[in-house]
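Structural overview for review
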Amino acid sequence: VIGGFLALSDGGLSVAAPAFVNLTVREGADASEMLVAHARITNPDFALDTDDSRVILMKNPVEAYAHLDLREDDDGTLKRMAMMHMNITEVEAGNGSVVNMDFRLIDGNSTEEIIWVDAACNSSDPTQMEVGAEVHFESEFVLNMTGVLPYEGDYMSGNMEIHLENHTQAISTKISRGFLVQSTKPTGYDALWLNFGTVIDDAALLNVTDLYIERGPDIAWSGVGWKFTLAEKNSTEWRTTYSHSFDIDFVPGTPPPLSEGAVTTKFDLAVEIADMSTF
């Protein structure tokens, strides 16, 4: 028998209260703990602070922390498997600012860094955004990313390049400059839009378009969605081999009724694990 407990908080209206997630999974007749996970974010309102044009502003530094404990032995003892630390800070530069992110995934047993990501976005130039990042795995340098995104009206677009050993992967990028008004919805709805596309070895084309995060009149998270397409090259033409899209609208109270002709699927899911040590 497997049971669980999940607690969530968005921090409420208090800036000082962190957003958090607590998850506990219990097993057996004695309901002994099998897995415990905890995550929290301080100043979770940073992405919701905006000026009159609803452009993203960052008024408070952000710190995130998480850990995962897993039972490995039959004695019921939990072991710290991994920890995560992330800090996002901003400093003024020229006519804009530089936002820095430091992300570290740490082995819970040896406290050695598994993954370290150091990234920055520089908006000091009034005509463009500069981005850069480095990724290290087990203390070894793996790759770096650079890009310049010139401003074009409500959007910024350009190529970001990922450099991995002797290979360079170009990613076509288009991102809205803040939250744009959703003209198809009532007053007060806006969304941040992101689009990415890349060609791999002149054989595969990946496109993520219309990836959006939407806010409602109360500046709460009200929707999310994307479109994804995978294509392969057939001689000189691209042929779509897979496509996927979704849209999720969050509304208070009872969910609205489904439109006529909508299809729903109900299913039961069971998981059986013979040996947790190999899971």
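One can find the structure itself at the top, above this paragraph.
Residues numbered from 1 in each chain as written. Predicted model: local features only at pLDDT ≥ 70, side-chain atom pairs only at ≥ 80, totals over all residues. Heavy atoms only, no water.

1. Remarks on the packing of aromatic side chains
For any two aromatic rings, the description comes down to two numbers: the centre-to-centre distance and the angle of the planes. In total, this model carries four aromatic pairs according to the counting rule given. A ring pair is formed by tryptophan 193 and tyrosine 212, whose centres lie 5.2 Å apart and whose planes are at 35°; its orientation type is tilted. Here the residue tryptophan 193 occupies a position in strand E13 (residues 190–200), and tyrosine 212 occupies one in strand E14 (residues 204–215), the gap between them amounting to 19 residues. Tyrosine 212 shares its class with tryptophan 193; the two are buried. Aromatic pair tryptophan 226 and phenylalanine 246: ring centres 6.0 Å apart, planes at 55°, arrangement tilted. In this pair, tryptophan 226 sits in strand E15 (residues 221–234) while phenylalanine 246 sits in strand E16 (residues 237–249), placing the two residues 20 residues apart along the sequence. Relative accessible area serves as the criterion here: at 28%, tryptophan 226 is assigned to the partly exposed category. A relative accessible area of 27% means that phenylalanine 246 is categorised as partly exposed. (Phe/Tyr/Trp six-rings, centres within 6.5 Å; stacked < 30°, edge-to-face > 60°. Helix = DSSP H or I, 4+ residues; strand = E, 2+ residues; numbered from the N terminus. Buried < 20%, exposed > 50% of the residue type's maximum accessible area, 1.4 Å probe, protein only.)

2. What about the pattern of salt bridges?
Within the structure shown, the criterion is met by 10 salt bridges. For glutamate 33, the salt bridge is made with arginine 26, and the minimal N-O distance between the two is 3.6 Å. Arginine 26 gets classed as partly exposed once you look at its relative accessible area, which sits at 35%. The partner of aspartate 102 in a salt bridge is arginine 104, with the nearest N and O atoms 2.8 Å apart. Linked through salt bridges whose partners overlap, the residues forming this network are Asp102, Arg104 and Glu113. (Salt bridge = Lys/Arg side-chain N within 4 Å of Asp/Glu carboxyl O.)

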